[in-house]
Amino acid sequence: MRYLPLLWAGLFRRKTRTVLTLLSIVVAFLLFGMLQAVQTAFESGADAADAKRLLTTARYSIIEPLPMAHLKVIERVPGVVGVASADWFGAKYQNESNAFPVFAVDPARYLDMYPEFTIDPAQREAFAKTRTGAVAGQRLVDRYGWRVGQKLPLASEIHARTDGSLNWEFDLVGVIDAEDPAVRGNTDVVLINVAHFDEARQLGRGKTGWYVARIADSGQAKAISTEIDRLFANSPDETKTAPEKEFAVGFAKQIGDIGAVVTRILIAVFFTILILTGNTMAQSVRERIPELAILKTLGFSDARVTALVLAEAVLLLGLGAVLGMAAAAALLPAVNGSTGGRFPPLFVTDITWILAAALALLVALAVGLPPALRARRLRIVDALAGR
Amino acid sequence: MTSRTLHQITQITLINLRSLPQRLGTSLVIVVGIAGVVGVLVSVLAMAEGFQHTLASTGRPGRVIMLRAGSDAELSSGVDRDQATLLAALPAVARGDGGRPLASAELVVMVDLPRKGESHPNNVPFRGVQTAAFAIRDELRLVEGRAFRRGVREVVVGRKAAQQFAGLEVGSRIAFRDSDWTVVGIFTTGGDVHESEIWADAEVAMSAFRRTGYQSVTATLADGSEAGLAALVTTIKRDPRLSINVLREPEYYAKQAGVLSRLITVLGYTVAAFMAVGATFGALNCMYSAIASRQVEIATLRAIGFGGAPVVVSVLIEALLLALLGGAVGGALAYVYCDGASLSTLNFNTFSQVAFDFRVTPALLARGLAWALLIGAAGGLLPAIRAARLPVTVALRV
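Residues numbered from 1 in each chain as written. Chains lettered and ligands numbered in written order. Predicted model: local features only at pLDDT ≥ 70, side-chain atom pairs only at ≥ 80, totals over all residues. Heavy atoms only, no water.

Student: Lay out the overall build of chain B with the relevant residues and their values.
Tutor: When helices and strands are counted, chain B shows 12 helices and 14 strands. Taken over the C-alpha trace, chain B has a radius of gyration of 30 Å; the compact-globule value for 398 residues is 21 Å, which it surpasses by more than 25%. Projected onto its principal axes, the C-alpha coordinates of chain B cover approximately 95 × 50 × 30 Å. When burial is assessed residue by residue, chain B has 55% of its 398 residues classed as buried. Contacts in chain B between residues at least 24 apart in sequence constitute 78% of all its contacts with a sequence separation of at least 6. As displayed, chain B has an accessible area near 16200 Å², and 62% of this comes from carbon and sulfur atoms. Charged side chains of chain B number 37 positive and 30 negative; the gap between the two group centres comes to 9 Å. (Helix = DSSP H or I, 4+ residues; strand = E, 2+ residues; numbered from the N terminus. Rg over C-alpha atoms; globule rule 2.2 N^0.38 Å. Buried < 20%, exposed > 50% of the residue type's maximum accessible area, 1.4 Å probe, protein only. Contact = heavy atoms within 4.5 Å. Areas by Shrake-Rupley, 256 points an atom, 1.4 Å probe, with all protein chains shown as cover. Lys, Arg positive; Asp, Glu negative; His and termini not counted. Charge placed at Lys NZ, Arg CZ, Asp CG, Glu CD.)

Structural data, given as structure tokens:
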């Protein structure tokens, strides 16, 4: 630590140059933080997934409906603690198709499946009791300025009412939210009470989209999934059951390899930073050759001079990384505010911080080693003579 | 500007450029930095461009797609058999050989297929079509094999679907539901959305997937003008048995591009903007050190009578030339690595896979170069002004 003033003085010997280099590094790590957050958001479905939840869909295509009667059968499978059905409403809000997902569910059963969702007990009670009831995620409520107690008009692209109209109206009786930011994206939905919905729809009565089951022991997930599918094998409505995580991963995979895209962009960014910082460090050491020679004259060993130059690079990258990541962490809430429920929440995870630290160290070594070795090889007489 | 100033600018610029090799390291920073920005910008936008192009090139204005009123996509639409028959018989629909209507009632289901070399299932659209579909979509060509026979479990596969997903070669068998299908042909439709699909006979598909109705009816208009369309819409509106929404095909497919292409474009510009800021700092750095290393030289020029403006302009020109070089390198890299590369993704609007190619268009390359010049100008201006402002006496006393 006692060398810190010396390092600092060395770094800021040419203020403009160092500040500009530092700013480029800050921008690079800012991008790193944000892009990692995007990647995490796409994979957060998988992280937020509960290993004790299984999803059951129609075997051949997730858009095929399943009979509601499956519920009682799944419920009796040993190891299953609870089951809930959910159906896709296909909402159109303010003329925007799929503005947000709307699921028709049995209130109590469905909320039991997601203990990580928070809801006021009185509102939960109201949701279960109101046949036309609906609850919405906090982020959606904020985005559209809804109030609990208001009517929520939703058009469906799929389900007509018995009178042929596609326009539905529900009573917003509650708000759901979650503490964990990774889970919060899952609350960007509107849940409607299936009781009224199923009775009032023209077609598809008695059918549902998929089932969510909770199991007692996550180690049994595979066995229970197989058992559920076996029960419906060779029936007209065969099923496919898998842990929630597998579904989430599969969905992210459908979108494509987000990770590969992000990695390629980041390679371009950090290659640039490598060249930029490498050049600055080399220049700075070249200019200070006489000074380094004086240090050696004063008795600094070769190793110590090498370490000093290397430490300068580490300090520069470390400073840039911390500032950049802090900027990313500070900016993301604003980004989330403006996308409000259209896109899963973005946030910087601990793993991203660790990766950033490793990356900073790696770049520091790559740009610091060549000039550090040059400083090590320096012979005092030659350096002082300007040879 | 006098010819004298012009002459001075040329002279100083030439001196600058000739000394470039001595400053290779720092100059490289500008070139690499800007190449990075332009490369990323162009390749990400090429992705959005390719996706948009695929959807925009689907359909012809003379054709319409009819969906249930209130539905914006085939997946959420439903048209029952009676309605489909009524729609095909409407006088506003064109007739083909033998006076048969050019209308095809179609059902679309999603089938699960893994990408090549992967195991996760993807929602691949499987379209059951009526015979007229081939006469209506005259852009369709079989490039391999033959068409499916009616009443048999045979499919033809779009070229892009065959490229992206496993097990879709001619002759191979695919199992969906309790049915085995044989791939008998590969078709192309000029790179549009249908190339990501699998086609089969509507009747066979309907029984295999246990459907009772269709999703849409696609038809050629007898009269492709606005009046022809209006006539069709009016007849449908007047018929109480029909609750149908009519859209010209290009209008329908353009809508499908919305969310995803906006998302990719925003992502591309955001990332490129941040990178551009970083590259500007790099360019500033580089130009400052360039003029610092030539301080004495510039001051000497000023002392022997060269003006301040020529110095500013010459430094700027150097920055712009380096930026242009960087932009060209970035654009070229994007072109070499991305242009024509195929990928497929889930279109949120249709919940099904769309395969498309990256398209690096001249307009995109031009946009990349414009960004490069902008960064070059931003990075060159301040150092240029400093170079011209430095008092000669101070600069010479090094």
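Let's pick the thread back up.
Student: Now, about the interface of chain B and chain A: what can you tell me, with residues and values included?
Tutor: At the interface, 52 residues of chain B touch 46 residues of chain A. In this assembly, chain B and chain A are joined by 3 salt bridges. The salt bridge partner of Lys-92 of chain A is Asp-72 of chain B, with a shortest N-O separation of 3.3 Å. Put simply, chain B and chain A have 17 residue pairs in polar contact (both at pLDDT 80 or more) between them. If you list the elements that add at least two residues to the side of chain B that touches chain A, you get helix H2 (24–56), strand E3 (103–114), strand E4 (121–129), helix H8 (249–293) and strand E13 (342–347) of chain B. Among the elements that take part in the side of chain B that touches chain A, H8 of chain B stands out by supplying 13 residues, more than any other. When its residues are assigned to classes, the side of chain B that touches chain A shows 24 nonpolar, 18 polar and 10 charged. (Salt bridge = Lys/Arg side-chain N within 4 Å of Asp/Glu carboxyl O. Polar contact = N/O pair within 3.5 Å; in protein donor to acceptor, adjacent residues only side chain to side chain. Nonpolar A, V, L, I, M, F, W, Y, C, P; charged D, E, K, R; others polar.)

Student: Outline the sheet that holds strand E5 (residues 96–97) of chain A, listing residues and values.
Tutor: Residues and elements named next belong to chain A. Across the sheet, which stays open at both edges, the 11 strands sit in the order E5-E4-E8-E9-E7-E10-E6-E3-E12-E1-E13 with mixed pairing between neighbours. A single partner strand is all that each edge strand has here, and the edge strands are E5 and strand E13 (239–243). Both strand E7 (residues 133–137) and strand E9 (residues 167–176) contribute to a ladder of 5 bridges, which runs parallel. Bridge pairing in E9 places Ala-136 opposite Val-175. Seen against the sheet, helix H5 (residues 121–129) touches strand E6 (102–105), E7, E9 and strand E10 (190–193) and runs at an angle of roughly 155° to E9. Contacts from helix H10 (residues 244–255) reach strand E1 (53–58) and E13 within the one sheet, and its direction differs from that of E13 by about 95°. (Pairing = 2+ DSSP bridges. Axes fitted to C-alpha atoms, helices over the stretch in contact; angles between N-to-C directions.)

Student: Give a detailed account of the environment of Pro-383 of chain B, specifying residues and quantitative values.
Tutor: Residues and elements named next belong to chain B. With respect to the helices and strands, the residue Pro-383 is situated in helix H11 (residues 362–389). Under the relative-accessibility criterion, Pro-383 is labelled buried at 0%. As a C-alpha pair, Pro-383 and Tyr-288 span 95 residues in sequence and 5.2 Å in three-dimensional space.

Student: Any details on the nonpolar core? Residues and values, ideally.
Tutor: Ranked by size, the top nonpolar core spans 118 residues in total, and within it Phe-29, Phe-270 and Leu-317 of chain A carry the most contacts. In terms of residue count, H8 of chain B provides more of this core than any other element does, 17 residues in total. (Core = buried A, V, L, I, M, F, W, Y, C linked by side-chain atoms within 4.5 Å.)

Student: Outline helix H9 (residues 295–303) of chain B, listing residues and values.
Tutor: Residues and elements named next belong to chain B. Residues of H9 that are buried include every one of Ile-298, Ala-299 and Leu-301, and no others. Buried residues of H9, seen end-on, are gathered within an arc of 155° and therefore sit on one face of the element. Residues of H9 that are buried in the fold lie against helix H1 (3–18), H8, helix H10 (308–338), H11 and helix H12 (392–396). Positive backbone phi, at 115°, marks Gly-305, one or two positions downstream of H9. (Arc of directions from axis to C-beta.)

Student: Quick rundown of the packing of H1 of chain B against H10 of chain B? Include the residues and the values.
Tutor: Residue and element names in this part refer to chain B. Where H1 contacts H10, the axes come no closer than 8 Å and their chain directions differ by 45°. On the basis of the axis angle, H1 is oblique to H10. Crossing handedness for the pair H1 and H10: right-handed. Along its contact with H1, which presents Thr-5, Gln-8, Ile-9, Ile-12, Thr-13, Asn-16 and Leu-17, the element H10 presents Pro-310, Val-311, Val-313, Ser-314, Val-315, Ile-317, Glu-318 and Leu-321. The residue inventory of the contact of H1 with H10, partitioned by class, reads 9 nonpolar, 5 polar and 1 charged. (Parallel < 35°, antiparallel > 145°, perpendicular 65-115°, else oblique. Left-handed = near helix turned anticlockwise from the far one by under 90°.)

Student: For the confidence of the model for chain B, give the residues involved together with the corresponding values.
Tutor: Model confidence for chain B is summarised by a mean pLDDT of 89, while 99% of its residues fall at 70 or above. The ipTM value of the predicted complex is 0.81, and its pTM value is 0.83. (pLDDT = per-residue confidence, 0-100.)

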